[in-house]
Amino acid sequence: MHEAPTTSGTGPTGGADSGEPLSGGLKQRHLTMLGLGGVIGAGLFVGSGAGIKVAGPGIALSYLIAGALAMLIMRMLGEMSSAMPASGAFSVHAERALGRWAGFSVGWLYWFMLVVVLAVEATGAAQIANGWVPAVPQWGWVLIFMLFFTGANLAAVRNFGEFEFWFATLKVGAIVLFLVLGLLAILGVLPASGGYDGNPVGLAHLTGDGGFLPNGWSGVVSGVLAVVFAFGGLEVVTIAAAESDNPARAVGRAVRSAVWRILFFYVGSMLVIVTLLPWSSIEPGKSPYVAVLDRLGVPGAGQIMNVVVFVALLSALNANLYGSSRMVFSLAERGEAPRGLLKVSGGGVPRRAVLASVAFGFISVLLNLKWPDSVFLYLLNAVGAVLLFVWGLIAVSQLRLRRRLEREAPEKLTLRMWGFPWLTWVALAGMAAVIVLMLTDATARPQLLWSAGATALVLLIAGAREVRDRRRAAA
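Read on for a plain summary of the structure. Counting restarts for each chain: residues are numbered from 1 in the order of the written sequence. Reporting of local features is limited, given that this is a predicted model, to residues whose pLDDT is at least 70; pairs of side-chain atoms are given and counted only at 80 or more, and all residues count toward the totals for whole chains, interfaces and linings. Values shown for side chains rest on all heavy atoms present in the structure; no hydrogens or waters enter the calculation.

**A word on the overall build of the chain**
Consideration 1: Of regular secondary structure, the chain possesses 19 helices and two strands.
Consideration 2: Radius of gyration means the value over C-alpha atoms here, while the globule rule gives 2.2 Å times the residue count to the 0.38 power. In terms of C-alpha radius of gyration, the chain reaches 22 Å, essentially the compact-globule figure of 23 Å for 475 residues.
Consideration 3: The C-alpha extent of the chain, read off along each of the three principal axes, is 80 × 55 × 40 Å.
Consideration 4: Here, two residues are considered to be in contact whenever any of their heavy atoms come within 4.5 Å of each other. Relative to all contacts within the chain whose residues are 6 or more apart in sequence, the contacts with residues 24 or more apart total 80%.
Consideration 5: Accessible areas in this description were obtained via Shrake-Rupley with a 1.4 Å probe; residue shielding takes into account the shown protein chains only. About 18,500 Å² of surface is accessible on the chain, with carbon and sulfur atoms providing 67% of the total.
Consideration 6: Counting 34 positive and 24 negative side-chain charges, the chain places the centres of these two groups 5 Å from one another. Only runs of H or I of at least four residues qualify as helices and only runs of E of at least two qualify as strands under DSSP, and these elements are numbered from the N terminus. In this tally Asp and Glu are treated as negative and Lys and Arg as positive; neither His nor the chain ends contributes. Note that the charge is assigned to NZ on lysines, CZ on arginines, CG on aspartates and CD on glutamates.

**Focus: empty space enclosed by the protein**
Empty space among the atoms can be located by rolling a probe the size of a water molecule over them.
Consideration 1: Each cavity reported here is a set of points on a 1 Å grid over the protein atoms alone in which a 1.4 Å probe fits but cannot get out, each pocket an open set with protein on both sides within 12 Å along at least five of seven lines, and each lining residue one with an atom within 4 Å of a point. Grid points are joined across faces, edges and corners, and a volume is the space filled by probe spheres set on the points. In total, this model carries two cavities of 30 Å³ or more according to the counting rule given.
Consideration 2: Each pocket or cavity is described by its volume, and for the largest cavity that value is around 50 Å³.
Consideration 3: Taken together, V39, G67, A70, M71, M74, F231, L234, V259, I262 and L263 form the lining of the largest cavity.
Consideration 4: Sorting the residues of the lining of the largest cavity by element identifies α4 (59-83) and α12 (247-276) as the ones contributing at least two each.
Consideration 5: With four residues, the single largest contributor to the lining of the largest cavity is α4.
Consideration 6: Ten residue types, Ala, Val, Leu, Ile, Met, Phe, Trp, Tyr, Cys and Pro, are classed as nonpolar, four, Asp, Glu, Lys and Arg, as charged, and the remainder, Gly among them, as polar. Here the lining of the largest cavity is composed, by residue class, of nine nonpolar, one polar and no charged.
Consideration 7: In this structure, the second largest cavity spans a volume of roughly 40 Å³.
Consideration 8: Lining of the second largest cavity is provided by R100, W101, F104, E336, A462, R465, E466 and D469.
Consideration 9: Elements supplying a minimum of two residues to the lining of the second largest cavity: α6 (100-132) and α19 (445-474).
Consideration 10: Here the lining of the second largest cavity gets four residues from one element, more than from any other, and that element is α19.
Consideration 11: Of the residues in the lining of the second largest cavity, the class split is three nonpolar, no polar and five charged.

**Considerations on the layout of surface pockets**
Consideration 1: Size it by volume and the second largest pocket reaches roughly 230 Å³.
Consideration 2: Only α4, α10 (216-227) and α18 (422-440) provide two or more residues apiece to the lining of the second largest pocket.
Consideration 3: A per-element tally of the lining of the second largest pocket places α18 first, with six residues.
Consideration 4: Its residues assigned to classes, the lining of the second largest pocket shows 15 nonpolar, one polar and no charged.

No statement about biological role is implied by the geometric values presented.
What follows is the structure in structure tokens.
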């Protein structure tokens, strides 16, 4: 192993440009599928039921609104990452745009969020596996998953890329097959089975069970609150781009191919669900996808979806371990984390950063297994709304860096944010609206307040570091 070389200079964007000693083992197909599969997870396959319950068929509009916000964020990320690819992605961009305090804050908050959420994914996958093989206890499955993906991430970045490629392929394939079966059922092409009479359903469930908006626009708004965080995870593709063969071109192509398809998968599958089933029959906590497949008489629908959710959870675990290790490595590169984390293997893998991330991930898993309703719940609440802070800084960073790039290096703007600067401001207004909604929602308010507390703590530490560095410079 060797220590990563870091160089200081002043690039067209201002700030330090660090050498990237990480390997370049990710291919275009890895990034493309990572962009597509990164946000297709258990939140869609299972969590969407809660959104349908509050919005009815209007959940399609809720996903359209939340997805549009996510698409804007992804486009901003694509613009900055194609112009300035770095392993720390938006943390590096925030530092260049706003100062060290911003890079430090967004980097550590994002790392903290990933290693805590990792515990939910590992535990969820272990619960499914324990149902299949009860002889292995739940903690045993957690240990197996954590050790396996730690080994994969320690070996080479192409291992991460291959796992995510096939995970994403399965998830995308499952969504496409679901859409095809659903469309055939809506048109009456599928033969009679499972209680379905084979006749076209038409718009009966869309308009006949209280109308398209049975709970009015307030239901659509509540639906946005229920589904917006399901789009978290798209950020990893810009972190991974730094380890591709041609970062600037690769991230641009990945973003272009992903944004519209992701929105199509989400909104399309919701329309299929609420067209084939009465929205009032959907039970929160249970997969509406299973309910549709059961309705169509697909044998073993529950187990099929269990496999898909299982893969989605392992995919998220793998991606979060990768993203957290690269983020803390980037923080160490810029002097915002212990320099010991800069050690990389001969193949360019930041092994100490991987081990540091998985160590905290193990702690989170233990807390989740031991105290899921107390200690871990506080941790989960503390990171639940952090994504909004991250997205907010991404938007503000893009506002500043875009103008700087236009002045100093316009040739680097190979991928541009739509409707700049107006759509960036629209995205910021959308995030502010989500925060207001969370404040007015009794179930979401504690999560927002705990996350605000965690964010304030990190900002306080960042501010104290700034004051300390200024005093040292003045001495």
